[in-house]
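Below are the chains, spelled out letter by letter.
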Amino acid sequence: MSKKEFKKVVLAYSGGLDTSIIIPWLKENYNNPEIIAVSGNVGQADELEGLEEKALKTGASKLYIEDLTKEFLDDYVFPCLQAGALYEEYLLGTAFARPPIAKRIAEIAIQEGADAICHGCTGKGNDQVRFELAIKHFAPNMPIIAPWREWDIKSREEEIDYAEAHNVPLKINRETNYSKDKNLWHLSHEGLDLEDTGNEPMYEKEGFLEMGVSPIKAPDTPTYVELDFVQGAPVALNGKAMSAKEIILALNEIGGANGIGLLDIVENRLVGMKCRGVYETPGGTILYKAHSVLESVCLDKYTMHEKQKLSVTFAELVYNGQWFTPLREALSAFVDKTQEKVTGKVRLKLYKGNMINAGVWSPYSLYSEEIATFGESDYDQKDSAGFINLYGLPIKVQAMVNAKNKK
């Protein structure tokens, strides 16, 4: 279809700088189509305030705000937590939020009889891949419009110029023009002074951090948290049963107050370049730590080691937009099996950005104090001699052959 034939376009709409100016841009450049905006609520809280009024004022015919928080946590966040999936230390906050949003956008586009789907991802980033691969899965024949790959705008400063010229209201200004992504799990910061890797993030500057404080400003006394898990999923905090959302919200408050979960990394993007990001993930960082501690007593050695290797592949699939693939599904099946006995309680001590192990208990713990003790036990230390002789036999034989061939 040509641009003139697109009568109805569904737009992935956040109300941020990119998608705010896309509505008038589509009107100008695609023969004035009807634009249906769709915002996926994955816990970005105050960013949703006033969104409908803004979308309609700038030219959208309607706005869907879809509550995806439960699906986001149950079907995307916790499977990654259980997998121990980290991409170069990054806890995947943006990466695993894109599949449920793109899925719902595709469903609404089909329901509305749309001619195309539009997104505001740049041609330099990972999100364009994540959105479009998910759309291809659910709406394989749907045309996709990506303005950043078409328009003449070259920077966020030029986007602000366009917004001002078209009377599009913005919540940012040129001094606070970081590229941000926020949801229930995290907040990311990119751009401005962070583009110079020699600049230290302004953690102590008022307003820079939104989910917590710098460790320097954290309390001088530690805070203890206890988390209960059932089959690798958190079910209670400090002895109180809670929903997944309640646990993460509470941990965000507790962790943020103690300076937990700040990450400043230069990561390798899918599109080939390195990019610097500063991430705030207070609750998620605590959950990953606690889950890892519990696994240390519940998983046998070989399962744990294999899982650690596969967690890298799992994270790469998520980061690279490959959620809806047979391999990711196969790895999730493996992870589900490993989590059957990952049940118990973990206590952590939080102090000025640090998480300190303070106890772990599980009915399925493979740790035996009676065997591991330095005191008397039923472990017969004489057994180790025969084991070492067999385990070291290949080394001994190699040494004997080497010595023989030197003569």
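One structure accompanies this document, and this report is about it. Here the residue numbering is sequential within each chain, running from 1 through the sequence in written order. Local features in this predicted model are restricted to residues whose pLDDT is 70 or higher, and side-chain atom pairs enter the listing and the counts only when it is 80 or higher, whereas totals over whole chains, interfaces and linings include all residues. Each side-chain value is derived from all of the structure's non-hydrogen atoms; neither hydrogens nor water enter the calculation.

### Concerning the sheet that holds strand E6 (residues 179–182)
So, point 1. Strands are treated as partners if at least two bridges between them are detected by DSSP. The secondary structure listing takes helices from DSSP runs of H or I that are at least 4 residues long and strands from runs of E that are at least 2 residues long, numbered from the N terminus. Strands sit in the order E6-E7-E12-E11 across an open sheet of four strands; the sheet is antiparallel. The strands lining the two open edges of the sheet, one partner per strand, are E6 and strand E11 (262–268). Going from strand to strand, the sheet's axes swing by 25° on average, the running direction of each strand aside.
So, point 2. Both strand E7 (residues 187–190) and strand E12 (residues 274–280) contribute to a ladder of three bridges, which runs antiparallel. Bridge assignment links Leu187 to a residue of E12, and that residue is Glu280. Every angle, taken between N-to-C directions, lies between 0 and 180 degrees, and every axis is a line fitted to C-alpha atoms, over only the stretch in contact when it is a helix.

### With respect to the environment of Ala12
So, point 1. Here Ala12 is to be found in strand E1 (residues 8–12).
So, point 2. Separated by 154 residues in sequence, Ala12 and His166 place their C-alpha atoms 20 Å apart.
So, point 3. Look past the residues within four positions of Ala12 in its chain and what remains in contact with it is Thr19, Val38, Ile105, Cys118, His119 and Phe131. We call two residues in contact when some of their heavy atoms are within 4.5 Å.

### With respect to the environment of Tyr367
So, point 1. One can find Tyr367 in the loop between strand E14 (354–361) and helix H11 (369–372).
So, point 2. On the basis of relative accessibility, which here comes to 55%, the residue Tyr367 falls in the exposed class.
So, point 3. Residues contacting Tyr367, with those up to four places away along its chain left out, are Val297 and Ala372. Residue exposure (1.4 Å probe, protein chains only): buried if accessible area is under 20% of the type maximum, exposed if over 50%, otherwise partly exposed.

### Examining the pattern of salt bridges
So, point 1. Salt bridges are defined by distance alone: a side-chain nitrogen of Lys or Arg within 4 Å of a carboxyl oxygen of Asp or Glu. Applying the stated criterion to the full structure yields 22 salt bridges.
So, point 2. One continuous salt-bridge network, built from bridges that share partners, spans Arg98, Asp127, Arg130 and Asp181.

### Some thoughts on the state of the cysteines
So, point 1. Count a disulfide wherever a pair of cysteine sulfur atoms falls within 2.5 Å. A complete count under the given rule lists zero disulfides for this structure.
So, point 2. Considering cysteine sulfurs only, Cys121 is the nearest to Cys80, which forms no disulfide, with 18 Å between them.
So, point 3. Unpaired in this structure, Cys121 has its nearest cysteine sulfur neighbour in Cys118, at a distance of 9.4 Å.

### Here we look at a nonpolar patch on the surface
So, point 1. Nonpolar side chains collect at one region of the surface, where Leu270, Val271 and Met273 lie side by side and expose about 210 Å² of accessible area between them.
So, point 2. Structurally, Leu270 can be placed in the loop between E11 and E12. A patch consists of residues whose relative accessible area exceeds 30% and which take part in no salt bridge; residues with like charges are grouped when within 9 Å of each other, and nonpolar side chains (Val, Leu, Ile, Met, Phe, Trp, Tyr) when within 5 Å. Residue-level accessible areas treat just the shown protein chains as cover; the underlying method is Shrake-Rupley with a 1.4 Å probe.

### With respect to the packing of helix H4 (residues 98–112) against helix H5 (residues 127–138)
So, point 1. Two elements in contact, H4 and H5, have axes whose closest approach is 8 Å; the angle formed by their N-to-C orientations is 45°. In this view, H4 runs oblique relative to H5, as classed from their interaxial angle. Here the hand of the crossing between H4 and H5 comes out right-handed. Every residue of H5 that contacts H4 at Arg98, Ile101, Ala102, Lys103, Ile105, Ala106 and Ile110 is listed here: Asp127, Arg130, Phe131, Ala134, Ile135 and Phe138.
So, point 2. The residue inventory of the contact of H4 with H5, partitioned by class, reads nine nonpolar, no polar and four charged. Angle categories: roughly parallel below 35 degrees, roughly antiparallel above 145, roughly perpendicular from 65 to 115, and oblique for all the rest. Here a crossing is called left-handed whenever its near helix is offset anticlockwise from the far helix by less than a right angle, and right-handed whenever the offset is clockwise. Gly counts as polar in this scheme, as do all residues outside two lists: the nonpolar Ala, Val, Leu, Ile, Met, Phe, Trp, Tyr, Cys and Pro, and the charged Asp, Glu, Lys and Arg.

### Focus: the packing of aromatic side chains
So, point 1. Aromatic rings from Phe, Tyr and Trp, with only the six-membered ring used for Trp, were paired whenever their centres fell within 6.5 Å, and each pair was classed as stacked if the ring planes differed by under 30 degrees, edge-to-face if by over 60, and tilted otherwise. Throughout the structure, instances matching the rule amount to 16 aromatic pairs.
So, point 2. Taking 5.5 Å as the distance between ring centres and 90° as the angle between the ring planes, the aromatic pair formed by Trp25 and Trp151 counts as edge-to-face. Of the two residues, Trp25 is situated in helix H1 (residues 17–29) and Trp151 in the loop between strand E5 (144–145) and helix H6 (156–165); the sequence distance between them amounts to 126 residues.
So, point 3. On the basis of relative accessible area, Trp25 is assigned to the buried category, the value being 6%.
So, point 4. Above the ring of Tyr319, the side-chain terminus of Arg130 is found at 4.8 Å from the ring centroid. Throughout this description, the term charge over a ring refers to an Arg CZ or Lys NZ atom that lies within 6 Å of the ring centre and within 35 degrees of the ring normal.

### Focus on helix H10 (residues 326–338)
So, point 1. To estimate the expected span of a helix, count its residues, drop one, and scale the result by 1.5 Å. Between its first and last C-alpha, H10 extends 19 Å over 13 residues, near the 18 Å set by a 1.5 Å rise per residue.
So, point 2. All of the buried residues in H10 are Arg328, Leu331, Ser332, Val335 and Thr338. Around the axis of H10, the buried residues are gathered within 115° of arc, so they sit on the same side. When the buried face of H10 is taken as reference, the exposed residues oriented beyond 90 degrees from it are Pro326 and Lys337.
So, point 3. Where H10 is buried, its residues contact helix H3 (69–83) and helix H9 (301–319). By definition, the arc is the one covered by directions from the helix axis to the C-beta atoms.

### Observations regarding the packing of H1 against H6
So, point 1. Taken N-terminus to C-terminus, the directions of H1 and H6 make an angle of 55°; their axes are 10 Å apart at the nearest point. With respect to each other, H1 and H6 are oriented oblique. Here the hand of the crossing between H1 and H6 comes out left-handed. Counting all contacts with H1, which are made through Leu17, Asp18, Ile21, Pro24, Trp25 and Glu28, the residues of H6 involved are Arg156, Glu159, Ile160, Tyr162 and Ala163.
So, point 2. Looking at side-chain class alone, the contact of H1 with H6 contains seven nonpolar, no polar and four charged residues.

### Let's talk about the pairing of strand E8 (residues 223–230)
So, point 1. Where E8 lies against strand E13 (residues 344–351), seven bridges are found, and the strand directions are antiparallel. By the bridge assignment, Val225 is partnered in E13 with Leu348.
So, point 2. Two strands pair when backbone bridges link them, and E8 and strand E9 (residues 233–237) are joined in this way by four bridges, in the antiparallel orientation. Within E9, the position partnered with Phe229 by the bridge is Pro234.
So, point 3. The antiparallel pairing of E8 with E9 creates a hairpin that spans two residues between the two strands, and Gln231 there sits at a positive phi of about 50°.

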